[in-house]
Amino acid sequence: MAICTPGGQSDDKETSKKPKDTKFKQQKLPAWQPILTAGTVLPAFFAIGIAFIPLGIALLVTSNGVMEKVIDYTFCYDKSDTSSTCASKLESLGTNVSGHVCYCEVTFTLDEDFPKDVYMYYGLSNYYQNHRRYVRSRDDNQIHGDTVSASTLNSDCEPYRTKYISSSDSRPIAPCGAIANSLFNDSIAVEFSSSENISLIATGIAWFSDKQDKFNNPPSWNGFTNPPNWNDKYVYNLSSEANNNGYINEDLIVWMRTAALPNFRKLYRKINHVGTFAERLPKGNYKLMVDYAYPVTSFDGKKSIILTNTSWLGGKNPFLGIAYIVTGCLCVLLGVVFLVIHIKYGKKASDMINVSSKTPF
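Reading the values: the criteria
- Residues numbered from 1 in each chain as written.
- Predicted model: local features only at pLDDT ≥ 70, side-chain atom pairs only at ≥ 80, totals over all residues.
- Heavy atoms only, no water.
- Helix = DSSP H or I, 4+ residues; strand = E, 2+ residues; numbered from the N terminus.
- Rg over C-alpha atoms; globule rule 2.2 N^0.38 Å.
- Contact = heavy atoms within 4.5 Å.
- Areas by Shrake-Rupley, 256 points an atom, 1.4 Å probe, with all protein chains shown as cover.
- Phe/Tyr/Trp six-rings, centres within 6.5 Å; stacked < 30°, edge-to-face > 60°.
- Expected span 1.5 Å × (residues − 1).
- Buried < 20%, exposed > 50% of the residue type's maximum accessible area, 1.4 Å probe, protein only.
- Core = buried A, V, L, I, M, F, W, Y, C linked by side-chain atoms within 4.5 Å.
- Pairing = 2+ DSSP bridges.
- Disulfide = S-S within 2.5 Å.
- Salt bridge = Lys/Arg side-chain N within 4 Å of Asp/Glu carboxyl O.

1. So, the overall build of the protein chain
Helix and strand counts for the protein chain come out as 9 helices and 15 strands. The C-alpha radius of gyration of the protein chain comes to 32 Å, more than 25% above the 21 Å expected for a compact globule of 361 residues. Referenced to the eigenvectors of the C-alpha coordinate spread, the extents of the protein chain come out at roughly 95 × 75 × 35 Å. Restricting to contacts in the protein chain with at least 6 residues of sequence separation, those with at least 24 account for 77%. When the accessible surface of the protein chain is totalled, it reaches about 22,200 Å², and 55% of it is carbon and sulfur.

2. So, the packing of aromatic side chains
In total, this model carries 20 aromatic pairs according to the counting rule given. With a centroid separation of 4.0 Å and 5° between ring planes, the pair formed by Y122 and F184 is classed as stacked. Here Y122, found in strand β6 (residues 118–125), pairs with F184, found in the loop between α5 (178–181) and β9 (187–192); they are 62 residues apart in sequence, far enough to count as distant. Note on Y127 and F264: the rings are 5.8 Å apart at their centroids and 85° apart in plane angle, and the pair reads as edge-to-face.

3. A look at helix α1 (residues 38–64)
End to end, α1 covers 38 Å across 27 residues, agreeing with the expected 39 Å (1.5 Å per residue, within 8%). Of all the positions in α1, only L42, F45, G49, G56, L59, T62 and S63 are classed as buried.

4. Describing the nonpolar core
Within the largest apolar cluster, 67 residues are counted, with the highest numbers of intra-cluster contacts made by W255, L281, Y286, L288 and Y292. Considering every element that reaches this core, the biggest residue donor is β6, with 6 residues. Beyond its immediate chain neighbours, meaning those up to four positions away, Y286 contacts V106, T107, F108, L110, V190, E191, F192, I198, F277 and L281.

5. Points about the sheet that holds strand β11 (residues 200–201)
With antiparallel pairing, 5 strands are arranged side by side in an open sheet as β1-β15-β6-β12-β11. Every other strand in the sheet has two partners, leaving β1 (68–72) and β11 as the edge strands with one partner each.

6. Some points on helix α8 (residues 319–345)
The terminal C-alpha atoms of α8 lie 38 Å apart, and with 27 residues this matches the ideal 39 Å at 1.5 Å per residue to within 8%. Of the residues making up α8, those classed as buried are G321, G328, C331 and G335. Of the surrounding elements, those touching the buried residues of α8 are α1.

7. Thoughts on the state of the cysteines
Note on terminology: disulfide describes a covalent bond linking the sulfur atoms of two cysteines. Under the definition given, this model contains 3 disulfides. Disulfide partner of C86: C102, at an S-S distance of 2.0 Å. Its torsion about the S-S bond being -65°, the disulfide of C86 and C102 is classed as left-handed. With C86 in helix α2 (residues 86–92) and C102 in strand β4 (residues 102–110), this pair connects stretches of sequence that are 16 residues apart. Two residues share a disulfide in this structure: C157 and C176, whose sulfurs sit 2.1 Å from each other. One end of the pair, C157, is in the loop between α4 (140–143) and β7 (162–166); the other, C176, is in the loop between β8 (169–172) and α5, with 19 residues separating them in the sequence. In this structure, C157 and C176 share a single accessibility class: buried. For C329, which is in no disulfide, the shortest distance to another cysteine sulfur is to C331 and amounts to 9.4 Å. A relative accessible area of 40% places C329 in the partly exposed class.

8. Some details on the pattern of salt bridges
This structure, assessed with the given rule, holds 17 salt bridges. Close ionic contact of K28 with D21 constitutes a salt bridge, the shortest N to O distance being 4.0 Å. The pair K28 / D21 is uniform in exposure class, with both members exposed. A salt bridge links R161 to E158; its shortest N-O distance comes to 3.9 Å. Judged by its relative accessible area of 16%, R161 is buried. Note on E158: relative accessible area 39%, which makes it partly exposed.

9. Considerations on unusual backbone geometry
With an omega of 0°, the peptide bond between K116 and D117 qualifies as cis. For D117, the position within the fold is in the loop between β5 (114–115) and β6. A cis amide bond links A174 to the next residue, P175, at an omega of -5°. In this structure, P175 sits in the loop between β8 and α5. We note that Q27 has phi near 55°; this positive angle belongs to a residue other than glycine. Located in the positive-phi region is N231, a residue other than glycine, with phi close to 55°. Judged by relative accessible area, N231 falls into the partly exposed class, the value being 40%.

Worth remembering: the numbers are spatial, not functional.
Here's what the structure looks like:
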């Protein structure tokens, strides 16, 4: 039966859902379909095992060669009142902790020399910088140095987008957002053998791409105020060095790169290897002198300072070496198991090819 169309034409053919007769749509493209036999699988298992085990051992030895000293100073005692900790003093102030500084000292010992270059990190635990609202609470245009105003600031910065200076004066915050507002503000110095202060370098600790591309200072700071938790410190006086001040301050840049896990460490300073410390950080007694201003006990967190050097692999992290060794051992073990099964129960290649209706299975 003919099918009439609106144009008066007829079409005896019904619309077909059959794909076009092309190699791609008919799945006729040439393909390699390997036949997994004992002769191909077993050598692969043994090859992976033989390659991974020595590589894992090399990585583990390299990681274990990195020197590291962790000093927890969460509950260090107030220098002016040795009966109470700085943590308890800050906790007793509740939400009024901003601007309060407690001074404490922590002694520690290095049992062996730390060859240069030595780096100082601060570590925080149980601190969820990866929370979605926290990560978004920033204005990338602002910290890039673009001209912004209170109305154009990212709304994700709330409630740290504007701040009331007086009942009738509300100003935009620079830099806005929860990340900048919670900037780590402990100050730490190190002394060797109660006589020699160790010189620390505050530059060169941020990613080069961050400082060059993502963070720039605006033409003017007029009309802006500081985040609530910064007390009397403003972004344009974070450092006395012109190339390390404002949004390009490297402590700020390091902090603004949020951590993926709740327990993390961030680079704080580099040891200036001069004088006594030209080649190493010598073994002996040291003292941390801390301006304790960052509260962590309210969320069951802890603070620590980590002194460490590096290798060609980076910092101390044995996971990669252990992972390679475990994977290599598993491959060798599976290879042996499959080899035994193949020898005991396997068939010859000729038996697998010459199959007939009378072949027993």
